[in-house]
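Structure at a glance
Chain by chain, the residues run as shown.
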Amino acid sequence: MLYRENGQFKSTYRADQQVFPILQDRVFILALLVFAFAVVPLFASEYFFRAILIPFLILSLAALGLNILVGYCGQISLGTGAFMAVGAYAAYNFHVRIDGMPLLASLLLGGLCATVVGVLFGVPSLRIKGLYLAVATLAAQFFVDWAFLRINWFTNNSASGSVSVAGLNLFGLPVETATQKYLLCLALLVVFAMGAKNLVRSAIGREWMAMRDMDVAAAVIGIRPVYAKLTAFAVSSFIVGVAGALWGFVHLSTWEPAAFNIDRSFQLLFMVIIGGLGSIMGSFFGAAFIVLLPIMLNQIPGWFGLSISTALASHLEFMIFGALIVFFLIVEPHGLARLWSTAKEKLRLWPFPH
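Just so you know, these numbers come straight off a predicted model, no measurement behind them.

**Here's the deal with the pattern of salt bridges**
Side-chain pairs of opposite charge can arise where the charged atoms are in close proximity. Evaluated as defined, the whole model comprises four salt bridges. Across the salt bridge formed by E46 and R50, the nearest N and O atoms sit 2.7 Å from each other. Here the residue E46 and the residue R50 both occupy positions in helix α3 (residues 46–72), the gap between them amounting to four residues, near one helical turn. Close ionic contact of D213 with R212 constitutes a salt bridge, the shortest N to O distance being 3.1 Å.

Structure below.
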């Protein structure tokens, strides 16, 4: 009875085209933001910030960028980890080579560099698609891994190959504690999520979805495949690049190319598939699933008084994780976001069966 839209009349086009047209949705999102910005920093522990919340926020941002490319435009990518690496290392070089470079500018410039690389490797999508495009983007992963391992300029001639950043500040305010890093990641995620939500509802978003559903028909009705596909690669790579910069600067502080290897690419792809292709909300569900599941699997044996070795726990984690992925793909191929959408529709009609 609480999730009803009776009496919510739309008298203008602007009201009818709101991002959240139902009042309950707007109240829920506003309450969630207030809770995330004001309540969580007061009560969350250091471990909760560093092990759960900050990785969840950054991976949600990366999954959001990948979902634009894979879910909305239908272009399969296996090189997301490479674009994260480009964003991280580009932001690092801007930050250490230019005196007084603001942190936010470094993050955004890292995203722009990832955009350039993403568009470059997105050019083959104009002639190939499906499995062949996946292999082409996989080439980006191997090329970027090789470049950051072999070309010392990218790591500022670091002898160990690893780089680090410290003393971060934003507009003169320090970004050193876990709470400050959490708020930075949360603010950027909210901005990019709202931007992506509006973007997929715009003309370019409809072009992406037309290319995803049937590219030949989209071209016949006047949609330019070159523009649609390359803009999807550009927007996706920019968001993923910013997420990679945050992963390096905020979460890791010290990192090497192995932090953005092919495992990261597959992890992000699993997030999008499990959370829901073509759904902004699905990106958050997928990231929560990936971040929380290993922690839960490690804690469950202790709840029952079982003691297992670290090696066995690691293997069980991979086995159960893979089985759950297959289970979700069979039971609900549209991901967790579809389950959420179905539950909302039932609440709108409850208690009436029709």
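Now that the structure is up, let's keep going.
**A few points about the nonpolar core**
When a protein is soluble and globular, its nonpolar side chains tend to lie buried together. In this structure, L61, Y182, W208, L246, F249 and W255 are the most contacted members of the largest nonpolar core, which totals 94 residues. Considering each element in turn, this core owes the most residues, 16 residues, to α3. Contacts of W255, omitting those with residues within four sequence positions, involve A88, Y89, Y92, S162, V163, V165, G248, F249 and F260.

**A few points about the environment of V165**
Here V165 is to be found in the loop between β1 (163–164) and β2 (169–170). On the basis of relative accessibility, which here comes to 10%, the residue V165 falls in the buried class. Residues V165 and V96 lie 69 residues apart in sequence; the distance between their C-alpha atoms is 8.3 Å. Ignoring anything within four residues of it in the chain, the contact list for V165 reads Y92, F249, S253 and W255.

**Here we look at the packing of helix α12 (residues 280–303) against helix α14 (residues 336–349)**
Between two packed helices, what matters for the description is the angle formed by their axes and the separation of those axes. α14 packs onto α12 with a crossing angle of 120° between their chain directions and a minimal axis gap of 8 Å. Between α12 and α14, the crossing angle belongs to the class labelled oblique. The two elements α12 and α14 cross, and the hand of that crossing is right-handed. Along the contact surface, α12 presents M281, G282, F285 and F289, while α14 presents L336, A337 and W340. Split into classes, the residues belonging to the contact of α12 with α14 amount to six nonpolar, one polar and no charged.

**Thoughts on the packing of aromatic side chains**
Under the counting rule described, the total for this entry stands at 12 aromatic pairs. Taking the centre distance of 5.7 Å and the plane angle of 75° together, the rings of W153 and F154 count as edge-to-face. By relative accessible area, which is 47% here, W153 ends up partly exposed. Among the aromatic residues, those joined into a ring-pair cluster are Y89, Y92, F148, W153, F154, F249 and W255.

Calculation notes
Starting from 1, residues in each chain are numbered consecutively following that chain's sequence as written. Per-residue local features are limited, in this predicted model, to residues with pLDDT of at least 70; the limit for side-chain atom pairs, both in listing and counting, is 80 or more; totals at the level of whole chains, interfaces and linings are taken over all residues. With hydrogens and water excluded, all non-hydrogen atoms of the structure serve as input to the side-chain values. Definition used for salt bridges: Asp or Glu carboxyl oxygen within 4 Å of a side-chain nitrogen of Lys or Arg. Numbering goes from the N terminus for both helices and strands, where a helix is a DSSP run of H or I of at least four residues and a strand is a run of E of at least two. Within this scheme, the nonpolar core is defined by two criteria: the residues are buried Ala, Val, Leu, Ile, Met, Phe, Trp, Tyr or Cys, and they are joined through side-chain atoms within 4.5 Å. We call a residue buried when its accessible area falls under 20% of the maximum for its residue type, exposed when it is over 50%, and partly exposed in between, using a 1.4 Å probe and counting protein chains only. Contact criterion: two residues are considered in contact whenever any of their non-hydrogen atoms come within 4.5 Å of each other. Inter-axis angles, ranging from 0 to 180 degrees, are taken between N-to-C directions of lines fitted to C-alpha atoms, where helices are fitted over the stretch in contact. Between 65 and 115 degrees an angle is taken as roughly perpendicular, under 35 as roughly parallel, over 145 as roughly antiparallel, and anywhere else as oblique. Crossings are sorted by hand: turned counterclockwise from the far helix by less than a right angle, the near helix makes the crossing left-handed, and turned clockwise it makes it right-handed. Side-chain classes are defined by residue name, with Ala, Val, Leu, Ile, Met, Phe, Trp, Tyr, Cys and Pro counting as nonpolar, Asp, Glu, Lys and Arg as charged, and the others, Gly among them, as polar. A pair of Phe, Tyr and Trp rings is counted when the ring centres sit within 6.5 Å of each other, with Trp represented by its six-membered ring. The angle between the planes then sorts it: under 30 degrees is stacked, over 60 is edge-to-face, the rest tilted.

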